[in-house]
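Residue-level listing of the chains:
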Amino acid sequence: MDKILVTGACGQVGTELTVKLREIYGDQQVIASDIADPKEVLQQGPFEELDVLDMDHLEDLIQDYDVTQVYHLAALLSAKAEQQVDFAWKLNTQGLLNVLNLARDLDLEKVYWPSSIAVFGPDTPVDQTPQVTITNPNTVYGISKLACERWCEYYYRKFDVDVRSLRYPGLIGYKAMPGGGTTDYAVDIFHKALEGEPFECFLEPDTYLPMMYMEDAVKATIDLMHAEGENLSVRDSYNVAAISFSPAEIAAAIQNEIPDFNITYQPDYRQEIADSWPNSIDDSQARQDWNWSPNYDLQAMSKDMLANLRELKEIPS
Ligand code: SER
């Protein structure tokens, strides 16, 4: 019987994945954990307070619950990591190594760990960035993600740990807010638009970044974890892509639905981070190995985001 531990369950991805995993495996089979208090939506099943740097506690939880799979999501995102360099490096790398060591020593069936488009840097080809290319990230977040990708492949090859990973683009969802990322503007913009407020964007209007609707990100994650191991040719982390747009383009998509929405631009230190990342991603290996394909384009995502947020915020259309 599968028993899943999710770390960082209160985060943007963790919230949605925990809910989805509980739908698939049953509420009691999925243990949500986070350093933060449980949110209401996570209270349908077990919740444990956990600092992933506390290896003994992590080990106890895995043993006490007979955990077979870990979705290890606890990390600091790109913008926040630049403000807390030492801690970000420690949390992002040691957290994963703790999970990988326990997966090896306790013979866990599978591990999921998210990487990011942040593994790419200013020397990377920016358009349709290939699966294997120059990386050279220049943010602490990107450096930690790249190091961890190498560890994932190492643990797979040397210790037979079945760890699987995706390089998420910027993720856009309505169930939970992101915290401390460079792509967060693409979530905040919807909230402001619906509240009838202007939005001040911290990136330039023409800054293209790879993005994805959360429904697609959750689908990609579950599909990868359900794929036959022998089909997976990439054991560091898969490129996955869905949409690529600039702040000006997402503002225009929102204006299709809310014509008097207004955006202004005030770039800050996050512009430099965004400029070091690709415009778009080539995900053909993921398509080939496990049939990846996204369902949402910019217009479909914007429509769905606005409809769901309207309902959540009880704003009449
Ligand atoms: N969305 C993330 C960030 O902006 C990228 O992985 O930090």
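About the criteria used
Residues numbered from 1 in each chain as written. Predicted model: local features only at pLDDT ≥ 70, side-chain atom pairs only at ≥ 80, totals over all residues. Heavy atoms only, no water. Phe/Tyr/Trp six-rings, centres within 6.5 Å; stacked < 30°, edge-to-face > 60°. Helix = DSSP H or I, 4+ residues; strand = E, 2+ residues; numbered from the N terminus. Lys NZ or Arg CZ within 6 Å of the ring centre and 35° of its normal. Salt bridge = Lys/Arg side-chain N within 4 Å of Asp/Glu carboxyl O. Expected span 1.5 Å × (residues − 1). Buried < 20%, exposed > 50% of the residue type's maximum accessible area, 1.4 Å probe, protein only. Contact = heavy atoms within 4.5 Å. Pairing = 2+ DSSP bridges. Axes fitted to C-alpha atoms, helices over the stretch in contact; angles between N-to-C directions.

1. Quick word on the packing of aromatic side chains
Each aromatic ring pair is summarised here by two numbers: the centre-to-centre distance and the angle between the ring planes. Summed over all chains, the structure comprises eleven aromatic pairs. Here the aromatic rings of Tyr155 and Phe159 are separated by 5.0 Å at their centres, their planes lie at 65°, and the arrangement is edge-to-face. With Tyr155 and Phe159 both in helix H5 (residues 140–159), this residue pair falls four residues apart, about one helical turn. Among the aromatic residues, ring-to-ring pairing joins Trp151, Tyr154, Tyr155 and Phe159 into one connected group. The ring of Phe159 carries Arg104 above its face, with NZ or CZ at 4.7 Å from the centroid. Against the face of Tyr156 rests Arg235, its NZ or CZ located 4.0 Å from the ring centre.

2. What about the pattern of salt bridges?
One pass over the full model with this rule turns up 15 salt bridges. One salt bridge connects Arg235 with Asp162, and the closest N-O pair in it is separated by 2.7 Å. Placement of the pair is Arg235 in the loop between helix H7 (214–226) and strand E10 (238–239) and Asp162 in the loop between H5 and strand E6 (163–168), with a sequence separation of 73 residues. With a shortest N-O distance of 2.6 Å, Lys313 and Glu195 are connected by a salt bridge. Of this pair, Lys313 sits in helix H11 (residues 298–313) while Glu195 sits in the loop between helix H6 (185–194) and strand E8 (199–201), placing them 118 residues apart in sequence. If you follow the salt bridges from partner to partner, you end up with Glu149, Arg150, Glu153, Arg157, Arg167 and Asp236 in one network.

3. Describing H5
With 20 residues, H5 ought to run about 28 Å at 1.5 Å a step, and its terminal C-alpha atoms sit 27 Å apart, in line with that. Regarding H5, the residues found buried are Val140, Tyr141, Gly142, Ser144, Lys145, Leu146, Cys148, Glu149, Cys152, Glu153 and Tyr155. Residues of H5 that are buried in the fold lie against helix H3 (78–83), helix H4 (85–105), strand E5 (110–116) and E6.

4. Observations regarding the environment of Glu200
Within the secondary structure, Glu200 sits in strand E8. By relative accessible area, which is 52% here, Glu200 ends up exposed. Placed 40 residues apart in sequence, Glu200 and Val240 show a C-alpha to C-alpha distance of 29 Å. With sequence-adjacent residues up to four places away left out, Glu200 is seen in contact with Thr264 and Gln266.

5. Considerations on the pairing of strand E4 (residues 69–72)
Regular strands show a simple pattern: their side chains alternate between the two faces of the sheet. Residues Gln69 and Tyr71 point to one face of E4 and Val70 and His72 to the other, with burial holding for every one of them. In this sheet, E4 lies alongside strand E1 (residues 4–7) in parallel orientation, the contact comprising four bridges. Looking at E4, one finds that Leu5 is bridged to Val70. Pairing geometry for E4 and E5, over three bridges, is parallel. Along E5, the bridge assignment pairs Gln69 with Lys110.

6. Details of the sheet that holds strand E7 (residues 170–172)
Spatially, three strands are ordered E7-E9-E11 in an open sheet, and the strand pairing comes out mixed. For this open sheet the edge positions go to E7 and strand E11 (243–245), each flanked by a neighbour on one side alone. With direction set aside, neighbouring strand axes in the sheet form an average angle of 40°. Sheet strands touched by H7: E7 and strand E9 (209–213). Its angle to E9, the strand with the most contacts, is close to 80°.

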